[in-house]
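Listed below, chain by chain, are the residues.
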Protein chains: 2
Amino acid sequence: MSVNYLDDGELAPPSLLSLLIESLQCLPGVGPKSAQRMAFHLLQRNREGAKGLADALNRAIDEIGHCKNCRIFTEHESCSICLDASRVRTKICVVENPADVFTIEKSTDYKGLYFVLMGSLSPLDGIGPQELGLPILERRFSEEAVDEVILATNSTVEGEVTAHVLNEMAAKQGIKTTRLAQGVPVGGELEFVDQNTIAQAFASRKTY
Amino acid sequence: MSVNYLDDGELAPPSLLSLLIESLQCLPGVGPKSAQRMAFHLLQRNREGAKGLADALNRAIDEIGHCKNCRIFTEHESCSICLDASRVRTKICVVENPADVFTIEKSTDYKGLYFVLMGSLSPLDGIGPQELGLPILERRFSEEAVDEVILATNSTVEGEVTAHVLNEMAAKQGIKTTRLAQGVPVGGELEFVDQNTIAQAFASRKTY
């Protein structure tokens, strides 16, 4: 711990300020420098905000769990999307992360349901079908009248492998699967698009 | 509040997740996007860290105050620097922010005492001598055997004005003041140094 100018000597426990600076580093993208800046900012200018943040953290950790159907974060048993009667219940869009749900909700007019894997298959890291909740999804495939599974896992090696496994799972129940299209990003210049993407986009070219 | 896909309708209170995302934005440099990323990261991968952060925040807000002599953040009545018998008690280095103490401690072998203003004179924002704790400093000037006041306020207009006022305060008690040297930053190329700095550095040139 390098931030110790307020410590009470070598044998004393680290000061509360050092503790706060260290704790702030549990946030992604926050290193010792930003943590120090945050700590000073909160103590100097926004103690009320810090209090609110502590409360929000405590409540979130204690109360937010996963929706029993789709594994989205929610403080209730089922999330608001699963409970929403206006949503099309025959489509399930499978994504890796909760943030992906947010992105799809914001960018598309998709009105079906979701399933959040909370990761992708990665046997070396001990992440198998059980960790991704695939048994829950399999039960939904057989119990619900699903007619399309949208595989919206990331376009990475792990994401593709996961999509492949999900596709086999759906095929066993005779359910159609679709996968997000791959190609040149909208607004992207060909010069700056990587070769794999160009190759994919070229092979999947459509009638104009 | 744009992050509301988990809300339970328009009339319901915002979900705990939205509350957490909003609360995280009290941190400096954290906008809606990073706050969302942080919230998902904490919920998904580091609930223990989040709990620790909440505790650290609560303890810091409740217990950390200011040293009665130098206004540095501390959970005790006096900070460890003021209590350290090995420090030279005849020198006081006056800085604007607590972070400046850390910077000076790390970069120099200064072994005197400090005084933290917690800002700089800015009458338009309602920050006057009282807010900067100048009465406390004045008392120290008269009660302690101070022989040098190092004016380490920022090299901004407000910092210079503050230094000027501090200099007059010290002069009244017959105490010598010094100011950090201005010039070309170490490692800096003249081409990229601003004109004011070059002018200052040129005027203050020293025998080689």
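Use the structure listed above.
Each residue is numbered by its place in its chain's sequence as written, counting from 1. All chains are assigned letters beginning with A, and all ligands numbers beginning with 1, in the order in which they are written. Two thresholds apply to this predicted model, a pLDDT of at least 70 for residue-level local features and 80 or more for giving and counting side-chain atom pairs, whereas whole-chain, interface and lining totals are computed over all residues. Remark: hydrogens and water are excluded; side-chain values derive from all non-hydrogen atoms of the structure.

**Student:** Is there a simple way to think about the packing of helix α5 (residues 98-107) of chain A against helix α2 (residues 32-45) of chain B in this case?
**Tutor:** How two helices pack is summed up by the angle between their axes together with the distance between the axes. The contact between α5(A) and α2(B) brings their axes to 9 Å, and the two run at 145°. Together, A:P98, A:A99 and A:F102 of α5(A) and B:Q36, B:F40 and B:Q44 of α2(B) make up the contact between the two elements. Residues are grouped as follows: nonpolar covers Ala, Val, Leu, Ile, Met, Phe, Trp, Tyr, Cys and Pro; charged covers Asp, Glu, Lys and Arg; every other residue, Gly included, is treated as polar. Its residues assigned to classes, the contact of α5(A) with α2(B) shows four nonpolar, two polar and no charged. Each axis is a line fitted through C-alpha atoms, and for a helix only the stretch in contact is used; angles between axes span 0 to 180 degrees, taken between their N-to-C directions. Labels follow the DSSP assignment, with helices taken as runs of H or I lasting at least four residues and strands as runs of E lasting at least two, numbered in each case from the N terminus. A contact between two residues is defined here by any heavy atoms of the two lying within 4.5 Å.

**Student:** Looking at this structure, how should I read the sheet that holds strand β6 (residues 176-179) of chain A?
**Tutor:** Pairing between the strands of a sheet is mediated by backbone hydrogen bonds and can be parallel or antiparallel. All names here are of chain A. What makes two strands pair is DSSP finding at least two bridges between them. With parallel pairing, the four strands of this open sheet are ordered in space as β4-β3-β5-β6. Looking at which strands have only one partner, the edges of the open sheet turn out to be β4 (113-116) and β6. Going from strand to strand, the sheet's axes swing by 25° on average, the running direction of each strand aside. The pairing of strand β3 (residues 91-95) with β4 spans four bridges and is parallel. The partner of V94 across the bridge, within β4, is F115. On the sheet, helix α7 (residues 157-172) packs against β3, β5 (148-151) and β6 and is oriented at approximately 165° with respect to β6.

**Student:** I would appreciate a short explanation of the nonpolar core in the present structure.
**Tutor:** A general feature of soluble globular proteins is that nonpolar side chains tend to end up buried together. The definition of a nonpolar core used throughout is a set of buried Ala, Val, Leu, Ile, Met, Phe, Trp, Tyr and Cys residues joined through side-chain atoms within 4.5 Å. Burial here depends on accessible area, computed with a 1.4 Å probe over protein chains only, as a share of the maximum for the residue type. Under 20% is buried, over 50% is exposed, and the range in between is partly exposed. Counting residues in each nonpolar core, the largest one holds 80 residues, and the members touching the most others are A:L24, A:L27, A:L57, B:L24, B:L27 and B:L57. If we skip the residues at most four places from it in the chain, B:L24 touches A:L27, A:L53, B:V30, B:A35, B:M38 and B:A39.

**Student:** Please clarify how the pattern of salt bridges should be interpreted in this entry.
**Tutor:** Any two side chains of opposite charge can pair, so long as their charged atoms come close to each other. Basic side-chain nitrogens of Lys or Arg form a salt bridge, by our definition, when they fall within 4 Å of a carboxyl oxygen of Asp or Glu. Evaluated as defined, the whole model comprises 16 salt bridges over all chains. We note a salt bridge from A:E105 to A:R87, for which the minimum N-O separation is 2.8 Å. Of the two residues, A:E105 sits in helix α5 while A:R87 sits in the loop between α4 (80-83) and β3, which places them 18 residues apart along the sequence. A salt bridge links B:K91 to B:D147; the shortest N-O distance between them is 3.9 Å. You can see B:K91 sitting in strand β3 (residues 91-95) and its partner B:D147 sitting in the loop between α6 (134-143) and β5 (148-151), a full 56 residues away along the chain. Exposure remark for B:K91: the relative accessible area of 26% places this residue in the partly exposed category. Through salt bridges with shared partners, a single ionic network connects A:K91, A:D147 and A:E148.

**Student:** Looking at this structure, I do not really get the relation of the copies chain B and chain A. What am I missing?
**Tutor:** Look at the two chain copies: a rotation about an axis and a shift along it is all it takes to match them. Copies overlap after least-squares fitting; the atoms used are the C-alpha atoms of residues with pLDDT of at least 70 in both. Mapping chain B onto chain A is achieved by rotating through 180° and translating by 0.1 Å along the same axis, at an RMSD of 0.1 Å. Such a combination of rotation and displacement between the chain copies is what one expects of a two-fold axis. Judged by C-alpha distance, B:A54 is the residue of chain B that lies nearest the rotation axis, at 2.1 Å. A symmetric contact is evident, with 100% of the interface residues of chain B recurring at the interface of chain A.

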